[in-house]
Amino acid sequence: MTGGKQFVMLKLAFFGLVLWAQFLVTPSVLPAATETQRLKIIYSSFTGAYTPLWIAIDEGLGRKNGLDLEAVYAGRARPHQLLLSGDAQYVVSTGTGVVSSYAGGQKDLVIVASFLNVTGSSLFTKPQITKPSELRGKVVASGRPGSITDVMLHYVLKRKLNLDPARDVKVVPLGDGPSILPALEKGVVDGTVLTTPTRLMAKTMGFREMLDFDELGIPYPYVGVSTLKANVKKNPEMTIRFLRTLTEGIQIFKTNKETSMAVMKKYLRGASDDILAETYRYFSAKIQKTPYPSADAIRIASRHDVRSISPNEDS
(Lines give C-alpha, C1' and ligand atoms only; values in the text may rest on other atoms or scores of the structure.)
Protein backbone atom coordinates (compact mmCIF):
# COMPACT_ATOMS: atom_id res chain seq x y z
CA MET A 1 0.00 0.00 0.00
CA THR A 2 1.30 3.46 -0.85
CA GLY A 3 2.15 5.98 1.85
CA GLY A 4 -0.77 8.16 0.73
CA LYS A 5 -3.29 5.37 1.08
CA GLN A 6 -1.84 4.35 4.42
CA PHE A 7 -2.25 7.93 5.64
CA VAL A 8 -5.86 7.97 4.47
CA MET A 9 -6.64 4.74 6.30
CA LEU A 10 -4.99 5.85 9.52
CA LYS A 11 -6.96 9.08 9.21
CA LEU A 12 -10.11 6.95 9.04
CA ALA A 13 -9.17 5.21 12.28
CA PHE A 14 -8.10 8.48 13.89
CA PHE A 15 -11.53 9.98 13.26
CA GLY A 16 -13.11 7.23 15.34
CA LEU A 17 -10.50 7.49 18.09
CA VAL A 18 -11.11 11.24 18.44
CA LEU A 19 -14.80 10.52 18.90
CA TRP A 20 -13.98 7.95 21.58
CA ALA A 21 -11.82 10.50 23.36
CA GLN A 22 -14.91 12.70 23.65
CA PHE A 23 -16.91 9.71 24.88
CA LEU A 24 -14.44 8.86 27.64
CA VAL A 25 -13.36 12.30 28.78
CA THR A 26 -16.63 14.22 28.77
CA PRO A 27 -19.47 11.73 29.28
CA SER A 28 -20.98 13.70 32.16
CA VAL A 29 -21.28 16.99 30.29
CA LEU A 30 -23.54 15.78 27.50
CA PRO A 31 -26.77 17.73 27.57
CA ALA A 32 -29.82 15.82 28.68
CA ALA A 33 -31.97 14.70 25.75
CA THR A 34 -35.03 16.95 25.51
CA GLU A 35 -36.80 14.47 23.28
CA THR A 36 -36.27 10.90 22.17
CA GLN A 37 -34.37 10.55 18.91
CA ARG A 38 -35.35 7.66 16.68
CA LEU A 39 -32.43 5.87 15.04
CA LYS A 40 -32.45 3.13 12.43
CA ILE A 41 -29.46 0.79 12.50
CA ILE A 42 -28.77 -1.61 9.65
CA TYR A 43 -27.00 -4.89 10.41
CA SER A 44 -25.64 -7.15 7.74
CA SER A 45 -25.53 -10.74 8.99
CA PHE A 46 -26.85 -13.34 11.42
CA THR A 47 -23.83 -14.23 13.52
CA GLY A 48 -23.23 -14.23 17.26
CA ALA A 49 -20.95 -11.20 16.84
CA TYR A 50 -24.04 -8.99 16.46
CA THR A 51 -25.55 -10.00 19.80
CA PRO A 52 -24.52 -6.78 21.65
CA LEU A 53 -26.60 -4.78 19.15
CA TRP A 54 -29.57 -7.12 19.52
CA ILE A 55 -29.31 -6.88 23.31
CA ALA A 56 -29.32 -3.08 23.09
CA ILE A 57 -32.48 -3.25 20.98
CA ASP A 58 -34.38 -5.92 22.91
CA GLU A 59 -33.46 -4.58 26.34
CA GLY A 60 -34.36 -1.00 25.39
CA LEU A 61 -30.93 0.27 26.41
CA GLY A 62 -31.24 3.36 24.22
CA ARG A 63 -34.05 4.86 26.28
CA LYS A 64 -31.79 6.02 29.12
CA ASN A 65 -29.70 7.82 26.47
CA GLY A 66 -32.68 9.43 24.79
CA LEU A 67 -32.73 7.04 21.84
CA ASP A 68 -35.43 4.90 20.27
CA LEU A 69 -33.49 2.26 18.36
CA GLU A 70 -34.68 0.14 15.46
CA ALA A 71 -32.46 -2.56 13.98
CA VAL A 72 -33.13 -3.75 10.42
CA TYR A 73 -31.44 -6.62 8.60
CA ALA A 74 -29.94 -5.50 5.27
CA GLY A 75 -30.83 -8.70 3.42
CA ARG A 76 -29.20 -8.76 -0.01
CA ALA A 77 -28.73 -4.99 -0.06
CA ARG A 78 -25.32 -3.47 0.54
CA PRO A 79 -25.68 -2.00 4.04
CA HIS A 80 -23.59 1.08 3.40
CA GLN A 81 -25.63 1.98 0.35
CA LEU A 82 -28.63 2.19 2.68
CA LEU A 83 -26.59 4.50 4.86
CA LEU A 84 -25.60 6.73 1.95
CA SER A 85 -29.20 6.86 0.72
CA GLY A 86 -30.39 8.17 4.09
CA ASP A 87 -32.43 5.07 4.95
CA ALA A 88 -30.46 4.61 8.19
CA GLN A 89 -28.19 6.61 10.47
CA TYR A 90 -25.76 3.83 11.43
CA VAL A 91 -24.59 0.47 10.14
CA VAL A 92 -23.30 -2.39 12.29
CA SER A 93 -21.34 -4.63 9.96
CA THR A 94 -17.84 -5.54 8.84
CA GLY A 95 -15.50 -2.67 8.02
CA THR A 96 -14.91 -3.95 4.48
CA GLY A 97 -17.46 -1.71 2.79
CA VAL A 98 -16.32 1.45 4.56
CA VAL A 99 -12.63 0.89 3.91
CA SER A 100 -13.03 0.00 0.24
CA SER A 101 -15.39 2.96 -0.32
CA TYR A 102 -12.99 5.31 1.48
CA ALA A 103 -10.03 4.07 -0.54
CA GLY A 104 -12.09 4.53 -3.71
CA GLY A 105 -12.75 8.19 -2.99
CA GLN A 106 -16.02 8.02 -1.00
CA LYS A 107 -14.90 10.04 2.02
CA ASP A 108 -18.31 10.43 3.68
CA LEU A 109 -18.24 7.02 5.40
CA VAL A 110 -16.34 6.59 8.68
CA ILE A 111 -15.82 3.83 11.22
CA VAL A 112 -16.65 5.08 14.72
CA ALA A 113 -16.36 1.81 16.64
CA SER A 114 -15.00 -1.68 16.18
CA PHE A 115 -15.69 -4.36 18.75
CA LEU A 116 -14.40 -7.50 17.05
CA ASN A 117 -11.17 -7.86 15.07
CA VAL A 118 -11.28 -11.60 14.33
CA THR A 119 -13.75 -13.14 11.90
CA GLY A 120 -14.89 -16.32 13.65
CA SER A 121 -15.04 -17.93 10.20
CA SER A 122 -13.80 -21.11 8.53
CA LEU A 123 -13.60 -22.69 5.10
CA PHE A 124 -15.69 -25.88 5.00
CA THR A 125 -15.89 -28.57 2.33
CA LYS A 126 -17.72 -31.80 1.66
CA PRO A 127 -16.34 -34.66 3.79
CA GLN A 128 -14.88 -36.45 0.75
CA ILE A 129 -12.64 -33.47 -0.04
CA THR A 130 -9.65 -34.22 2.15
CA LYS A 131 -6.98 -31.80 0.90
CA PRO A 132 -6.90 -28.34 -0.72
CA SER A 133 -5.82 -29.60 -4.15
CA GLU A 134 -9.10 -31.52 -4.41
CA LEU A 135 -10.97 -28.19 -4.56
CA ARG A 136 -9.58 -27.66 -8.05
CA GLY A 137 -12.47 -27.51 -10.50
CA LYS A 138 -15.04 -27.36 -7.69
CA VAL A 139 -17.73 -24.80 -6.81
CA VAL A 140 -17.15 -22.76 -3.65
CA ALA A 141 -19.73 -20.37 -2.19
CA SER A 142 -19.09 -16.98 -0.61
CA GLY A 143 -21.16 -14.11 0.75
CA ARG A 144 -21.99 -10.96 -1.17
CA PRO A 145 -19.26 -9.83 -3.63
CA GLY A 146 -16.82 -7.71 -1.65
CA SER A 147 -18.06 -8.98 1.70
CA ILE A 148 -15.65 -10.24 4.34
CA THR A 149 -16.39 -13.89 3.50
CA ASP A 150 -15.77 -13.20 -0.19
CA VAL A 151 -12.55 -11.32 0.55
CA MET A 152 -11.22 -13.94 2.95
CA LEU A 153 -12.16 -16.79 0.60
CA HIS A 154 -10.12 -15.28 -2.23
CA TYR A 155 -7.22 -14.70 0.13
CA VAL A 156 -7.04 -18.22 1.56
CA LEU A 157 -7.51 -19.86 -1.82
CA LYS A 158 -4.61 -17.94 -3.31
CA ARG A 159 -2.24 -17.44 -0.39
CA LYS A 160 -2.88 -20.44 1.83
CA LEU A 161 -4.19 -23.19 -0.46
CA ASN A 162 -2.24 -22.37 -3.65
CA LEU A 163 -5.39 -22.14 -5.77
CA ASP A 164 -6.20 -19.36 -8.24
CA PRO A 165 -9.75 -18.21 -7.38
CA ALA A 166 -10.23 -16.98 -10.95
CA ARG A 167 -9.19 -20.20 -12.69
CA ASP A 168 -8.91 -23.16 -10.34
CA VAL A 169 -12.29 -22.91 -8.61
CA LYS A 170 -15.68 -21.38 -9.36
CA VAL A 171 -16.62 -18.85 -6.67
CA VAL A 172 -20.35 -18.12 -6.44
CA PRO A 173 -21.92 -15.53 -4.07
CA LEU A 174 -24.91 -16.98 -2.22
CA GLY A 175 -25.47 -14.61 0.72
CA ASP A 176 -24.97 -15.20 4.43
CA GLY A 177 -24.22 -18.42 6.33
CA PRO A 178 -27.78 -19.60 6.97
CA SER A 179 -28.42 -19.36 3.23
CA ILE A 180 -25.20 -21.08 2.21
CA LEU A 181 -25.19 -24.06 4.55
CA PRO A 182 -28.23 -25.71 2.87
CA ALA A 183 -26.44 -25.39 -0.47
CA LEU A 184 -23.49 -27.30 0.96
CA GLU A 185 -25.80 -29.85 2.54
CA LYS A 186 -27.64 -30.46 -0.75
CA GLY A 187 -24.42 -30.72 -2.73
CA VAL A 188 -25.05 -27.57 -4.77
CA VAL A 189 -21.59 -26.34 -3.76
CA ASP A 190 -18.47 -28.24 -2.75
CA GLY A 191 -17.21 -25.78 -0.19
CA THR A 192 -17.98 -22.45 1.45
CA VAL A 193 -16.96 -19.91 4.08
CA LEU A 194 -19.13 -20.02 7.20
CA THR A 195 -19.31 -17.72 10.21
CA THR A 196 -20.21 -18.55 13.82
CA PRO A 197 -22.58 -20.20 14.74
CA THR A 198 -23.18 -21.63 11.25
CA ARG A 199 -19.67 -23.08 11.15
CA LEU A 200 -20.36 -24.89 14.43
CA MET A 201 -23.49 -26.39 12.90
CA ALA A 202 -21.45 -27.53 9.88
CA LYS A 203 -19.06 -29.37 12.19
CA THR A 204 -21.90 -31.31 13.82
CA MET A 205 -23.21 -32.21 10.36
CA GLY A 206 -19.91 -33.83 9.42
CA PHE A 207 -18.52 -31.29 6.97
CA ARG A 208 -14.76 -30.86 6.88
CA GLU A 209 -13.19 -27.70 8.33
CA MET A 210 -10.41 -27.08 5.83
CA LEU A 211 -9.12 -23.89 7.47
CA ASP A 212 -10.00 -21.85 10.56
CA PHE A 213 -9.43 -18.19 9.62
CA ASP A 214 -8.57 -17.26 13.20
CA GLU A 215 -5.40 -19.30 12.74
CA LEU A 216 -4.20 -16.82 10.11
CA GLY A 217 -3.50 -14.28 12.86
CA ILE A 218 -4.62 -11.31 10.75
CA PRO A 219 -6.49 -8.51 12.57
CA TYR A 220 -9.52 -7.35 10.60
CA PRO A 221 -12.34 -4.90 11.46
CA TYR A 222 -14.93 -7.69 11.44
CA VAL A 223 -17.80 -6.01 13.30
CA GLY A 224 -18.18 -2.36 14.17
CA VAL A 225 -20.22 0.79 13.71
CA SER A 226 -20.02 3.09 10.71
CA THR A 227 -21.89 6.23 9.79
CA LEU A 228 -21.56 9.39 7.73
CA LYS A 229 -19.19 12.17 8.74
CA ALA A 230 -22.13 14.54 8.35
CA ASN A 231 -24.08 12.67 11.02
CA VAL A 232 -21.24 13.00 13.50
CA LYS A 233 -20.50 16.64 12.72
CA LYS A 234 -24.15 17.69 12.81
CA ASN A 235 -24.96 15.90 16.05
CA PRO A 236 -21.92 14.37 17.79
CA GLU A 237 -23.93 13.85 20.98
CA MET A 238 -26.26 11.48 19.13
CA THR A 239 -23.33 9.31 18.03
CA ILE A 240 -21.85 9.31 21.53
CA ARG A 241 -25.23 8.31 23.00
CA PHE A 242 -25.45 5.44 20.53
CA LEU A 243 -21.90 4.28 21.28
CA ARG A 244 -22.67 4.42 25.00
CA THR A 245 -25.78 2.31 24.41
CA LEU A 246 -23.88 -0.22 22.35
CA THR A 247 -21.07 -0.37 24.92
CA GLU A 248 -23.65 -1.22 27.59
CA GLY A 249 -24.94 -3.98 25.29
CA ILE A 250 -21.38 -5.31 25.08
CA GLN A 251 -21.01 -5.34 28.86
CA ILE A 252 -24.28 -7.24 29.29
CA PHE A 253 -23.19 -9.70 26.63
CA LYS A 254 -19.86 -10.36 28.29
CA THR A 255 -21.29 -10.72 31.82
CA ASN A 256 -24.87 -11.99 31.52
CA LYS A 257 -24.99 -15.34 29.75
CA GLU A 258 -28.68 -15.94 30.46
CA THR A 259 -29.82 -12.72 28.77
CA SER A 260 -27.38 -13.18 25.91
CA MET A 261 -28.49 -16.75 25.24
CA ALA A 262 -32.15 -15.69 25.16
CA VAL A 263 -31.39 -12.94 22.62
CA MET A 264 -29.26 -15.23 20.45
CA LYS A 265 -31.98 -17.85 20.46
CA LYS A 266 -34.39 -15.26 19.07
CA TYR A 267 -32.15 -14.09 16.24
CA LEU A 268 -30.06 -17.17 15.44
CA ARG A 269 -32.93 -19.45 14.63
CA GLY A 270 -32.18 -23.08 14.00
CA ALA A 271 -29.16 -23.22 16.30
CA SER A 272 -29.39 -25.72 19.14
CA ASP A 273 -28.79 -24.74 22.76
CA ASP A 274 -25.37 -26.43 22.62
CA ILE A 275 -24.42 -24.47 19.50
CA LEU A 276 -25.63 -21.22 21.06
CA ALA A 277 -23.64 -21.93 24.22
CA GLU A 278 -20.47 -22.47 22.18
CA THR A 279 -21.24 -19.32 20.17
CA TYR A 280 -21.56 -17.37 23.40
CA ARG A 281 -18.33 -18.81 24.77
CA TYR A 282 -16.43 -17.83 21.63
CA PHE A 283 -17.72 -14.29 21.13
CA SER A 284 -17.96 -13.26 24.77
CA ALA A 285 -14.22 -13.88 25.00
CA LYS A 286 -13.30 -12.26 21.67
CA ILE A 287 -15.40 -9.08 21.70
CA GLN A 288 -13.61 -6.02 23.05
CA LYS A 289 -14.90 -4.54 26.28
CA THR A 290 -14.57 -1.04 24.85
CA PRO A 291 -15.06 -0.91 21.07
CA TYR A 292 -12.20 1.34 19.98
CA PRO A 293 -11.46 1.33 16.23
CA SER A 294 -8.25 -0.60 15.58
CA ALA A 295 -5.72 1.21 13.39
CA ASP A 296 -3.92 -2.08 12.67
CA ALA A 297 -7.12 -3.83 11.59
CA ILE A 298 -8.17 -0.91 9.39
CA ARG A 299 -4.71 -0.79 7.80
CA ILE A 300 -5.03 -4.48 6.86
CA ALA A 301 -8.50 -3.96 5.40
CA SER A 302 -7.30 -0.87 3.53
CA ARG A 303 -5.43 -3.04 1.07
CA HIS A 304 -8.76 -3.25 -0.67
CA ASP A 305 -8.85 -6.86 0.41
CA VAL A 306 -6.53 -9.26 2.17
CA ARG A 307 -5.82 -11.09 -1.06
CA SER A 308 -2.65 -9.02 -1.42
CA ILE A 309 -1.27 -9.68 2.07
CA SER A 310 1.93 -11.69 2.26
CA PRO A 311 1.31 -15.14 3.77
CA ASN A 312 3.67 -14.26 6.63
CA GLU A 313 2.28 -10.79 7.29
CA ASP A 314 0.27 -10.36 10.44
CA SER A 315 0.10 -6.61 11.00
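To be clear, the structure that these remarks concern was listed above.
As a starting point, this report considers the structure included with it.

What counts as what
Position labels on residues start from 1 in each chain and follow its written sequence. In view of the model being predicted, local features appear only for residues whose pLDDT reaches at least 70, and side-chain atom pairs are presented and counted only at 80 or more, with totals across whole chains, interfaces and linings using the full set of residues. To obtain the side-chain values, all non-hydrogen atoms of the structure were used and water was disregarded. DSSP bridges decide pairing: two strands pair if at least two such bridges lie between them. Helix and strand assignments follow DSSP, with helices taken as H or I runs no shorter than four residues and strands as E runs no shorter than two, numbered in order from the N terminus. Every angle, taken between N-to-C directions, lies between 0 and 180 degrees, and every axis is a line fitted to C-alpha atoms, over only the stretch in contact when it is a helix. Should an angle fall under 35 degrees it is taken as roughly parallel, and over 145 as roughly antiparallel, whereas 65 to 115 is taken as roughly perpendicular and any remaining angle as oblique. Two helices crossing with the near one rotated counterclockwise from the far one by less than a right angle form a left-handed crossing, whereas a clockwise rotation gives a right-handed crossing. We call two residues contacting when some pair of their heavy atoms lies within 4.5 Å. For this scheme, ten residues count as nonpolar: Ala, Val, Leu, Ile, Met, Phe, Trp, Tyr, Cys and Pro. Four count as charged, namely Asp, Glu, Lys and Arg, and the remainder, Gly too, count as polar. Partly exposed describes any residue whose relative accessible area lies between the buried limit of under 20% and the exposed limit of over 50%, with all areas from a 1.4 Å probe on protein chains only and scaled to the type maximum. For each structure, a 1 Å grid was placed over the protein atoms alone; sets of points admitting a 1.4 Å probe that cannot get out are labelled cavities, open sets with protein on both sides within 12 Å along at least five of seven lines are labelled pockets, and lining residues have an atom within 4 Å of a point. Grid points are joined across faces, edges and corners, and a volume is the space filled by probe spheres set on the points.

1. Things to note about the sheet that holds strand β10 (residues 223-228)
- The strand order across the open sheet formed by five strands is β2-β1-β3-β10-β4, and the pairing between neighbours is mixed. Unpaired on one side and paired on the other, β2 (67-73) and β4 (109-116) mark the two borders of the sheet. The average angle at which neighbouring strand axes cross in this sheet is 25 degrees, direction not considered.
- The pairing of β4 with β10 spans six bridges and is classified as antiparallel.

2. Re the packing of helix α10 (residues 257-267) against helix α11 (residues 273-286)
- Between α10 and α11, whose axes approach to 10 Å, the crossing angle comes to 120 degrees. Classed by the angle they form, the pair α10 and α11 counts as oblique. With respect to the hand of their crossing, α10 and α11 are arranged in right-handed fashion. Between α10 and α11, the residues in contact are K257, S260, M261, M264 and K265 and D273, L276, A277, T279 and Y280, respectively.
- Counted by class, the contact of α10 with α11 contains five nonpolar, two polar and three charged residues.

3. Some details on the side chain of S45
- In this fold, S45 is placed in the loop between β1 (37-43) and α2 (51-58).
- Relative accessible area serves as the criterion here: at 13%, S45 is assigned to the buried category.
- Every residue in contact with S45, bar those within four places of it in the chain, is listed here: Y50, W54, Y73 and D176.

4. Concerning the side chain of T51
- Counting through the fold element by element, T51 comes out in helix α2.
- In this structure, T51 is in contact with F253, S260, V263 and M264, ignoring residues within four places of it in sequence.

5. Some words on the pairing of strand β8 (residues 191-195)
- Most of β8 sits inside the fold, with five of its five residues counted as buried.
- The two faces of β8 match: G191, V193 and T195 on one face and T192 and L194 on the other face are all buried.
- The pairing of strand β5 (residues 121-125) with β8 spans five bridges and is classified as antiparallel. Following the sheet pairing, L123 is matched in β8 by V193.

6. Structural notes on empty space enclosed by the protein
- If you walk through the whole model with that rule in mind, you get one cavity of 30 Å³ or more.
- Here the largest cavity is characterised by a volume of approximately 40 Å³.
- Every element with two or more residues in the lining of the largest cavity is listed here: β4 and β10.
- Grouping the amino acids of the lining of the largest cavity by side-chain chemistry returns four nonpolar, six polar and no charged.

7. Regarding the sheet that holds strand β7 (residues 170-173)
- Reading across the sheet, the five strands line up as β7-β6-β8-β5-β9 and stay open at both edges, with mixed pairing between neighbours. The open sheet terminates on both sides in strands that have one partner only, identified here as β7 and β9 (208-212). Across this sheet, the average inter-strand angle for adjacent strands is 30 degrees, counted without regard to direction.
- Along the sheet, helix α5 (residues 148-160) contacts β5, β6 (139-142), β7, β8 and β9; its crossing angle with β6, the most-contacted strand, is approximately 140 degrees.

8. A word on the layout of surface pockets
- There is about 160 Å³ of room inside the second largest pocket.
- Taken together, F46, P178, L181, P182, P197, T198, M201, Y267, L268, R269 and A271 form the lining of the second largest pocket.
- Of all the elements in the fold, those that place two or more residues in the lining of the second largest pocket are α6 (177-185) and α7 (198-204).
- The dominant element in the lining of the second largest pocket, judged by the number of residues it contributes, is α6, at three residues.
- Split into classes, the residues belonging to the lining of the second largest pocket amount to nine nonpolar, one polar and one charged.

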